[in-house]
Amino acid sequence: MPESISFYFDFSSPYGYLAAQQIDGIAARHGREVAWRPMLLGAVFKHTGVQPIVDIPMKGDYSRHDLARGARRIGVPFVWPKTFPIFSVPASRAVYWLDAEDPVAARGLSKALFTAAFGKGLDISTPESVAKIAGDQGHGPQSVLDALQAQEVKDRLRGEVEGAIEKGVFGSPFFFVDGEPFWGFDRLADVEHWLESGGW
């Protein structure tokens, strides 16, 4: 079996939202699976000393325009969340809790959380909001709330974030294809070309 594509993202990343709409389709066209890996950009920023692009003068204005344009290009809704930046710890923990039992369901929850945040502009920053969205996906809200406080779930997220940083993940979205790193929504064309060509 070909190696899975690693897809690292933060639920607070609007470019991660756009990438989440396309990465599975790209992978499927080339017989690949995708390992969805939530991470926390806040921890990364402590290492890199940078700040979110939307907070940088001039770049912030451009990125807001670019994000809306990118969403129009791929035909998905785009709405700035009511709360931004998003505190993404609860959402990330919920996904890793579910991933331990059912990675396919965890991917479905990831997509639902991204759609709620950037497709509908809803708040996904609280345990209660995450539990509600998970409940809409068929997962018991109370089970989700309990899982968010479980030490093994907290440890899983912490380990995933540390592992991502060790691998050199410094932004969202970030992909590894056959060990090759690609950063950014605008690198999806390169990801697909790599899969088509076998690398260069």
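Higher on the page you've got the structure.
Quick caveat: nothing in here was measured; it's all calculated off a predicted structure. Throughout, residues of each chain are indexed from 1 in the direction in which the sequence is written. Where local features are concerned, this predicted model is filtered to residues with pLDDT of at least 70; where side-chain atom pairs are given and counted, the filter is 80 or more; whole-chain, interface and lining totals use all residues. With hydrogens and water excluded, all non-hydrogen atoms of the structure serve as input to the side-chain values.

### Comments concerning the overall build of the chain
Next up, step 1: Numbering of helices and strands runs from the N terminus, with a helix taken as a DSSP run of H or I at least four residues long and a strand as a DSSP run of E at least two residues long. In terms of regular secondary structure, the chain is built from 10 helices and four strands.
Next up, step 2: Going from the N terminus to the C terminus, the chain shows its helices and strands as β-α-α-β-α-α-α-α-α-α-α-β-β-α.
Next up, step 3: For the chain, the C-alpha atoms occupy an extent of roughly 50 × 45 × 35 Å along the three principal directions.
Next up, step 4: Exposure is judged per residue with a 1.4 Å probe applied to protein chains only, and the accessible area is read against the type maximum: over 50% gives exposed, under 20% gives buried, and values in between give partly exposed. Taken across its 200 residues, the chain has 50% of its residues classed as buried.
Next up, step 5: Here the analysis covers contacts within the chain between residues at least 6 apart in sequence; of these, 71% occur between residues at least 24 apart.
Next up, step 6: We get accessible surface area from the Shrake-Rupley algorithm with a probe of 1.4 Å; when it comes to residues, only the shown protein chains can shield them. When the accessible surface of the chain is split by element, carbon and sulfur atoms take 53% of a total near 9,800 Å². We call two residues contacting when some pair of their heavy atoms lies within 4.5 Å.

### Some details on the sheet that holds strand E1 (residues 5–9)
Next up, step 1: Pairs of strands are assigned from DSSP output, requiring at least two bridges between the strands. Here four strands make up an open sheet; going across it, the order is E2-E1-E3-E4 and the pairing mixed. Two strands bound the open sheet, and with one partner strand each, they are strand E2 (34–38) and strand E4 (180–183). Strand-to-strand twist of the sheet, defined as the mean angle between neighbouring strand axes without regard to direction, takes the value 20°.
Next up, step 2: With five bridges connecting them, E1 and E2 associate as parallel partners. Opposite Tyr 8, over in E2, you have Arg 37 as the bridge partner.
Next up, step 3: Here, axes are lines fitted to C-alpha atoms. For helices the fit covers the stretch in contact, and angles between N-to-C directions go from 0 to 180 degrees. Running over the sheet, helix H6 (residues 103–119) touches E1 and E2 and is turned about 55° from E2.

### A word on the nonpolar core
Next up, step 1: Working definition of a nonpolar core: buried Ala, Val, Leu, Ile, Met, Phe, Trp, Tyr and Cys residues. They are joined through side-chain atoms within 4.5 Å. In terms of nonpolar packing, the biggest core is built from 48 residues, with Phe 7, Leu 18, Leu 113 and Ile 124 touching the most fellow members.
Next up, step 2: With nine residues, H6 is the largest single contributor of residues to this core.
Next up, step 3: Those residues in contact with Leu 18, other than ones at most four positions away along the chain, are Leu 67, Gly 70, Ala 71, Ile 74, Val 76 and Phe 185.
Next up, step 4: In this structure, Tyr 8, Phe 45, Leu 157 and Val 161 belong to the second largest nonpolar core, which totals 14 residues.

### A closer look at the packing of helix H5 (residues 89–99) against helix H8 (residues 141–148)
Next up, step 1: Contact pair H5 / H8: the axes reach a minimum separation of 9 Å and the direction vectors enclose 105°. Taken together, the axes of H5 and H8 are roughly perpendicular relative to one another. The residues of H8 that touch H5, namely those facing Pro 90, Arg 93, Ala 94 and Trp 97, are Ser 143, Val 144, Ala 147 and Leu 148. An angle below 35 degrees is treated as roughly parallel, one above 145 as roughly antiparallel, one from 65 to 115 as roughly perpendicular, and anything else as oblique.

### Considering the packing of aromatic side chains
Next up, step 1: Note on aromatic pairs: the rings of Phe, Tyr and Trp (six-membered ring only in Trp) are paired at centre separations within 6.5 Å, and the planes decide the class, stacked below 30 degrees, edge-to-face beyond 60, tilted for the rest. Per the counting criterion, the structure on display carries 21 aromatic pairs.
Next up, step 2: Here Phe 7 and Phe 9 contribute two aromatic rings whose centre-to-centre distance is 4.8 Å and whose plane-to-plane angle is 35°, an arrangement assigned as tilted.
Next up, step 3: A ring pair is formed by Tyr 17 and Phe 118, whose centres lie 5.8 Å apart and whose planes are at 35°; its orientation type is tilted. Here Phe 118 lies in helix H6 and Tyr 17 lies in helix H1 (residues 14–20), a separation of 101 residues in the sequence.
Next up, step 4: Each residue in the set Phe 7, Phe 9, Phe 11, Tyr 17, Trp 36, Phe 78, Trp 80, Phe 84, Phe 114, Phe 118 and Phe 175 is aromatic and connected to the rest through ring pairs, giving one cluster.

### Notes on the environment of Gln 137
Next up, step 1: Tracing the chain through its elements places Gln 137 in the loop between helix H7 (127–136) and H8.
Next up, step 2: Classification of Gln 137 by relative accessible area gives partly exposed; the value is 39%.
Next up, step 3: Through-space distance from the C-alpha of Gln 137 to that of Gly 108 is 7.9 Å; in sequence the pair is 29 residues apart.
Next up, step 4: Not counting chain neighbours up to four residues away, the residues in contact with Gln 137 comprise Gly 108, Leu 109 and Ala 112.

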